[in-house]
Amino acid sequence: LSTSTTLRRPSSTTTRLHGNIDQARKFTSQGMASFRQGQVEQSIELFDQAQAEEPRLEPYLWQRGLSYYYVNDYAKARRQFQTDVQVNPLDVEEIVWDVASALRLNNNQQLPV
């Protein structure tokens, strides 16, 4: 590689592919706060915005899975939890939430207390 190739600044396209992690973190924090305040649908929108800013964040947005669960969108909740488990297969909590979502999705079964 020539020196000019090595020192070239990334193009705006390259920068966009990597996203804006600071903005994504901000949206994630706001989404978590919205969820805690009972504004669950708004939290989903904020988590979606976080992913739009930083697409690589998707498998780490387990909070969005909880939000989907609480708005009764069990199919999307399952997809989110399963995506999370792909990057962290030992995360038992996401596995449990996936099973809970599957039970709700199939005949809207109630979970044992």
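Rules used throughout
Residues numbered from 1 in each chain as written. Predicted model: local features only at pLDDT ≥ 70, side-chain atom pairs only at ≥ 80, totals over all residues. Heavy atoms only, no water. Helix = DSSP H or I, 4+ residues; strand = E, 2+ residues; numbered from the N terminus. Buried < 20%, exposed > 50% of the residue type's maximum accessible area, 1.4 Å probe, protein only. Contact = heavy atoms within 4.5 Å. Expected span 1.5 Å × (residues − 1). Arc of directions from axis to C-beta. Salt bridge = Lys/Arg side-chain N within 4 Å of Asp/Glu carboxyl O. Axes fitted to C-alpha atoms, helices over the stretch in contact; angles between N-to-C directions. Left-handed = near helix turned anticlockwise from the far one by under 90°. Nonpolar A, V, L, I, M, F, W, Y, C, P; charged D, E, K, R; others polar.

Details of the overall build of the protein
Here is step 1: Along its length, the protein carries 7 helices and 0 strands.
Here is step 2: For the protein, the succession of helices and strands along the chain, N to C, is α-α-α-α-α-α-α.
Here is step 3: The proportion of buried residues among the 113 residues of the protein is 31%.
Here is step 4: Expressed as a percentage of contacts within the protein between residues at least 6 apart in sequence, the contacts between residues at least 24 apart total 48%.

Looking at helix α3 (residues 21-36)
Here is step 1: Between the first and last C-alpha of α3 there are 23 Å, a value that for 16 residues agrees with the 22 Å anticipated at 1.5 Å per step.
Here is step 2: Turning to α3, its buried residues number three or more, namely Ala-24, Phe-27, Thr-28, Gly-31 and Ser-34. Considered in projection along α3, the buried side chains sweep an arc of 125° and stay on one side of the axis. Facing away from the buried side of α3, by more than 90 degrees, are the exposed residues Asp-22, Arg-25 and Arg-36.

Considering the pattern of salt bridges
Here is step 1: Taken as a whole and judged by the stated rule, the model has 4 salt bridges.
Here is step 2: The residue Arg-78 makes a salt bridge to Asp-98 at a minimum N-O spacing of 2.6 Å. Highlighted residues: Arg-78 in helix α6 (residues 74-87) and Asp-98 in helix α7 (residues 92-105), separated in sequence by 20 residues.

As for helix α5 (residues 62-70)
Here is step 1: Extensive coverage of α5 is indicated by the burial of 7 of its 9 residues.
Here is step 2: If you check which residues of α5 are buried, you get Gln-63, Arg-64, Gly-65, Leu-66, Ser-67, Tyr-68 and Tyr-69.
Here is step 3: Close packing links the buried residues of α5 with α3, α4 (40-53), α6 and α7.
Here is step 4: Where α5 terminates, the next one or two residues include Asn-72, which has phi positive at roughly 65°.

Thoughts on the packing of α4 against α5
Here is step 1: Relative to each other, α4 and α5 sit at 150°, their axes nearing to 9 Å. In the packing of α4 onto α5, the handedness of the crossing is left-handed. Residues Val-40, Ser-43, Ile-44, Phe-47, Asp-48 and Gln-51 of α4 touch α5, and the partners they reach there are Gln-63, Arg-64, Ser-67, Tyr-68 and Tyr-70.
Here is step 2: Residue classes in the contact of α4 with α5 are distributed as 5 nonpolar, 4 polar and 2 charged.

Fair warning: the whole summary comes from geometry, so function is off the table for now.
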